[in-house]
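So the chains spell out like this:
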Amino acid sequence: MTRLWDAHMHTSFSGDCQTPPEDMILKAKELNLPGITFTDHLDWDYKEEPGLFDLDLDAYRNRIQKLQQQYTSENFQILWGIELGLQPHLAPRHRKLLESYPFDFVIGSSHVVHSVDPYYPSYFEDRAWKDSYREYYCSILENIQSFDDFDSYGHLDYVFRYGPEGSAKDTYTDYADLVDTILKELIRHDKALEINTGAYRCGMTKPNPSQKIIKRYYDLGGRLITIGADAHKTEHVGLNFPMVGQLLYNIGFREYYVYKKRQPAAFPLTD
Ligand SMILES: [Zn+2]
Ligand SMILES: [Zn+2]
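Residues numbered from 1 in each chain as written. Chains lettered and ligands numbered in written order. Predicted model: local features only at pLDDT ≥ 70, side-chain atom pairs only at ≥ 80, totals over all residues.

A. Here's a closer look at the sheet that holds strand β1 (residues 6-9). Taking strand neighbours across the sheet as the criterion, the seven strands line up as β1-β2-β3-β4-β5-β6-β7 in an open arrangement whose pairing is parallel. Each edge of the open sheet is held by one strand with a lone partner, namely β1 and β7 (225-228). Strand direction decides the pairing type here: strand β2 (residues 35-42) and strand β3 (residues 77-85), joined by eight bridges, are parallel. Looking at β3, one finds that Gly35 is bridged to Gln77. With respect to the sheet, helix α1 (residues 21-30) is in contact with β1, β2 and β3, its orientation differing from that of β2 by roughly 150°. (Pairing = 2+ DSSP bridges. Helix = DSSP H or I, 4+ residues; strand = E, 2+ residues; numbered from the N terminus. Contact = placed C-beta atoms within 7 Å. Axes fitted to C-alpha atoms, helices over the stretch in contact; angles between N-to-C directions.)

B. Quick look at the environment of His189. Counting through the fold element by element, His189 comes out in the loop between α5 (176-188) and β6 (192-196). Since 11 C-beta atoms lie within 10 Å of it, His189 is described here as exposed. Considered as a pair, His189 and Phe103 are 86 residues apart in the sequence and their alpha carbons are 19 Å apart. (Buried ≥ 20, exposed ≤ 12 C-beta atoms within 10 Å, placed from the backbone.)

C. Representation of the environment of Arg262. As for its placement among the helices and strands, Arg262 is situated in the loop between β8 (255-260) and β9 (263-268). Take Arg262: there are 15 C-beta atoms within 10 Å of it, and that puts it in the partly exposed class. Considering only alpha carbons, one finds Arg262 and Tyr136, 126 residues apart in sequence, at a separation of 27 Å. Aside from chain neighbours lying at most four places away, what touches Arg262 is Asp104 and Asp151.

D. Quick peek at the packing of α1 against helix α2 (residues 57-71). For the pair α1 and α2, the least separation of the axes is 11 Å and the interaxial angle reads 35°. Considering the relative orientation of α1 and α2, their crossing is right-handed. Two secondary-structure elements touch here, α1 through Pro21, Glu22 and Ile25 and α2 through Arg63, Ile64, Leu67 and Tyr71. In terms of residue class, the contact of α1 with α2 is built from five nonpolar, no polar and two charged. (Left-handed = near helix turned anticlockwise from the far one by under 90°. Nonpolar A, V, L, I, M, F, W, Y, C, P; charged D, E, K, R; others polar.)

E. The arrangement of unusual backbone geometry in detail. Cis peptide bonds are those with omega within 30 degrees of zero, and the linkage from Asn208 to Pro209 qualifies with -5°. The topology assignment puts Pro209 in the loop between β6 and α6 (211-219). A positive phi angle, near 65°, is found at Asp126, a position not held by glycine. Summarising the element assignment, Asp126 is placed in the loop between β4 (105-109) and α4 (129-146). For Asp126, a count of 7 C-beta atoms within 10 Å translates into the label exposed. You will see that His155, though not glycine, has its phi angle at about 30°, which is positive. The topology assignment puts His155 in the loop between β5 (152-153) and α5. Residue His155 is classed as buried on the basis of its C-beta count, with 24 C-beta atoms lying within 10 Å.

Below is the structure:
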């Protein structure tokens, strides 16, 4: 198994991360990764803790540019991206932002469901938990239909980390109608599906999305995938990549993608 590029990681520029970007770089080099893409959080209008996920874009850009000059080599590259917390009403603001900053890579993610962060247990209270999950998938569909200027959809099904039933949950079967619609929308608009291994650090036994959903994406014709560990600490850089690389290979994927200047470049997946 070749070493895989980690295209989702955070630094101290994110409101929930203390790790300096240099530390992430040194860890990735130690792991012999071919490259990394920084994707710090920007979640405007985050009602749970207003301002927590604002991002100092100019400072972030300047810092990563300096690190690129310092650490880029023939065997190691650093790209500059962002993880946007999508909400339908933010679409015009996000479009404007992306006109102003030349990111290599944009992850679109859902961190709130109709303004509520499902990280907090109250999201699941006072209703059947399947209804909570259905609402989550519905809101993703709304996000995708109102905004398509992202490259890869981040950690689809990650809300299952927080709900009842632990990692035994089937994140596809009961929601197949909604998930299929989401996957078809992504494919139709040439958007990648992100394979996020961050779930493993939360005690889960599957990536986000789960194997069932990844396979469904493949069967529907989806071939654009990106891979990221969503590390907020150095010990999670490239987490479980060999296992996930094998899982993807077994499904049928022979390539994964790294976005540079918003264009996908294919990298091989081997047995
Ligand atoms: Zn995220
Ligand atoms: Zn993230």
